[in-house]
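Chain by chain, the residues run as shown.
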Amino acid sequence: MIPSNLCDLVTFVPNKQEPVHNWLYYKEGYAKGLVEWAVKEFGLQEPVCDPFCGVGTTLLACKQMGLQSTGFDVSPLAVLASEAKTRNYDLGAIEKTLAEFGAMHPRPIGKFPNPKIRRLFREQQMDDIYFYYKKILEITDPKVRNLFLLALVDTTGRVANVVKIGGSLRRQKKPPLPVKKLFLGKVKKMLLDLRHAKMPAVEPAIFTADARITNLQENSVGSVITSPPYLNKIEYTKVYKLELGLFFNSQETRLRAYIADEAAVPDSAGAENGGGMRAHIADGATGRDSETRMPLIAKAYFDDMRKALRNMLHYLRPGGKAVIVAGGGCFPYETVESDDILIKIAEEEGFRCAQKIVARCIQCMRNRTIKVGTVRESVIVLEKPAQ
Ligand SMILES: C[S@@+](CC[C@H](N)C(=O)[O-])C[C@H]1O[C@@H](n2cnc3c(N)ncnc32)[C@H](O)[C@@H]1O
């Protein structure tokens, strides 16, 4: 049965009320309920794989259901969040480290090297964040270290003088919020969540990898639940510039929201999606693929999705299903319906399409005022034919 709130389940919004899921807000994510519904509705088998795992919604929901899972993502921030949310912790070790951090008095211990990032903070806040970051790196238990780092990532987003709007960061002066209070308060909240969670001990395998390249062992996965980046050119390096720059050395971690190779797409091309029900389209010339007549950015996106789908077909067991949430692309003078194109590609690669369920429709606007059309956000169910 299709849930009446499917249009919400394809968004991260319901996760805001879910302990552990809500440790880091990830606008690009979907809800825990989507995974629970998909597992029951389509009789999905374990291990479940999410090759675009984001902040670990699939992996954590599977853990909560006692299912084995594995996931990967190109973003080290996403992998950090996925890991921190799904580990089995020694709560005593977290409490002990929390007490140690509580007794610390943050002081300037040098300047964070990147001046562009420094400028996004008040000096005091930047000094405190840098102090705690260095102290976190000294934590020897990797699980506890990751949990504290995720708490600091969340705190950083709260105190920085920027807000995430659509596909970019906008400067916005905030009051001088207390880093220590927010950071330690976040760790306390995480600890409380873990105390009440009573989660099954099953731990997913999680790693940093590119879904276009990385393949798992043939026939090793029972099912896939995933949501690749949408065809809308939000630059993850821009949206998460702050976190990536501060904690992951962003120079080495360039990645783009859409899965496409940078080289294949001119920088001026494309569209931008506000992520809500209305998609705003950025101005800009879009080159066109001579064969398909698609905007180049769309062509590159689907070429990359083909690679990811081909890998999925390889590692799924015969009879295994892949449940994929996909959204269409908004371009200045046209829309591109990703779901149908992805189904066509999947079938060319050897999948059978079992179902397509439209979760919601998104209006595409040019210059925020001119309506270009609507695109769908759909749940596609593919099946690897039994041999
Ligand atoms: C729509 S989000 C997935 C969100 C996830 N379902 C959740 O609830 O958190 C898409 C994810 O794909 C990742 N990504 C982008 N290109 C990728 C690639 N080539 N290989 C693997 N992951 C990629 C992004 O970092 C992002 O986290």
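Residues numbered from 1 in each chain as written. Predicted model: local features only at pLDDT ≥ 70, side-chain atom pairs only at ≥ 80, totals over all residues.

## Description of the packing of helix α12 (residues 296–315) against helix α13 (residues 338–349)
Helix-helix packing is described using two parameters, namely the angle between the two axes and the distance between the axes. Packing of α12 against α13 leaves a shortest axis separation of 9 Å and a crossing angle of 45°. On the basis of their axis angle, the class for α12 and α13 is oblique. Crossing hand, α12 versus α13: right-handed. Of α13, the residues touching α12 (which contributes Phe302, Met305, Arg306, Leu309, Arg310 and Leu313) are Ile341, Leu342, Ile345, Ala346 and Glu349. A class-by-class count of the residues in the contact of α12 with α13 yields eight nonpolar, no polar and three charged. (Axes fitted to C-alpha atoms, helices over the stretch in contact; angles between N-to-C directions. Helix = DSSP H or I, 4+ residues; strand = E, 2+ residues; numbered from the N terminus. Parallel < 35°, antiparallel > 145°, perpendicular 65-115°, else oblique. Left-handed = near helix turned anticlockwise from the far one by under 90°. Contact = placed C-beta atoms within 7 Å. Nonpolar A, V, L, I, M, F, W, Y, C, P; charged D, E, K, R; others polar.)

## A closer look at the site of the ligand
Every one of the 21 residues lining the ligand counts as a neighbour, but Gly29, Phe52, Gly54, Thr57 and Ala211 are closest to it. When its residues are assigned to classes, the shell around the ligand shows twelve nonpolar, five polar and four charged. (Near = placed C-beta within 6 Å.)

## Brief notes about the nonpolar core
Counting 99 residues, the largest nonpolar core has Ala81, Leu150 and Leu152 as its most contacted members. If you tally residues by element for this core, the top one is α12, at ten residues. The residues that make up this core include at least three from each of domain 1 (6–74 + 210–383) and domain 2 (91–197). Setting aside its immediate chain neighbours within four residues, Leu152 contacts Ile129, Tyr132, Tyr133, Ile136 and Phe183. (Core = buried A, V, L, I, M, F, W, Y, C linked by C-beta atoms within 7 Å. Buried ≥ 20, exposed ≤ 12 C-beta atoms within 10 Å, placed from the backbone. Domains from an automatic or database assignment.)

## A short note on the confidence of the model for the protein
For the protein, the mean per-residue pLDDT works out to 89, and 89% of the residues sit at or above 70. For the stretch residues 252–258, pLDDT sits under 50, and the model shows 23 contacts to residues farther than four places along the chain or on other chains. Long-range and interchain partners of residues 266–280, a stretch whose pLDDT sits below 50, account for 56 contacts in this model, where long-range means more than four residues apart. (pLDDT = per-residue confidence, 0-100.)

## Thoughts on the packing of helix α8 (residues 142–159) against helix α9 (residues 179–197)
Contact geometry of α8 with α9 gives a least axis separation of 9 Å together with a crossing angle of 135°. Comparing their axes, α9 and α8 come out oblique. By crossing handedness, the relation of α8 to α9 is classed as right-handed. In contact with Leu147, Phe148, Ala151, Leu152, Asp154, Thr155, Arg158 and Val159 of α8, α9 contributes Val179, Leu182, Phe183, Lys186, Val187 and Met190. Looking at the contact of α8 with α9 residue by residue, the class counts come to ten nonpolar, one polar and three charged.

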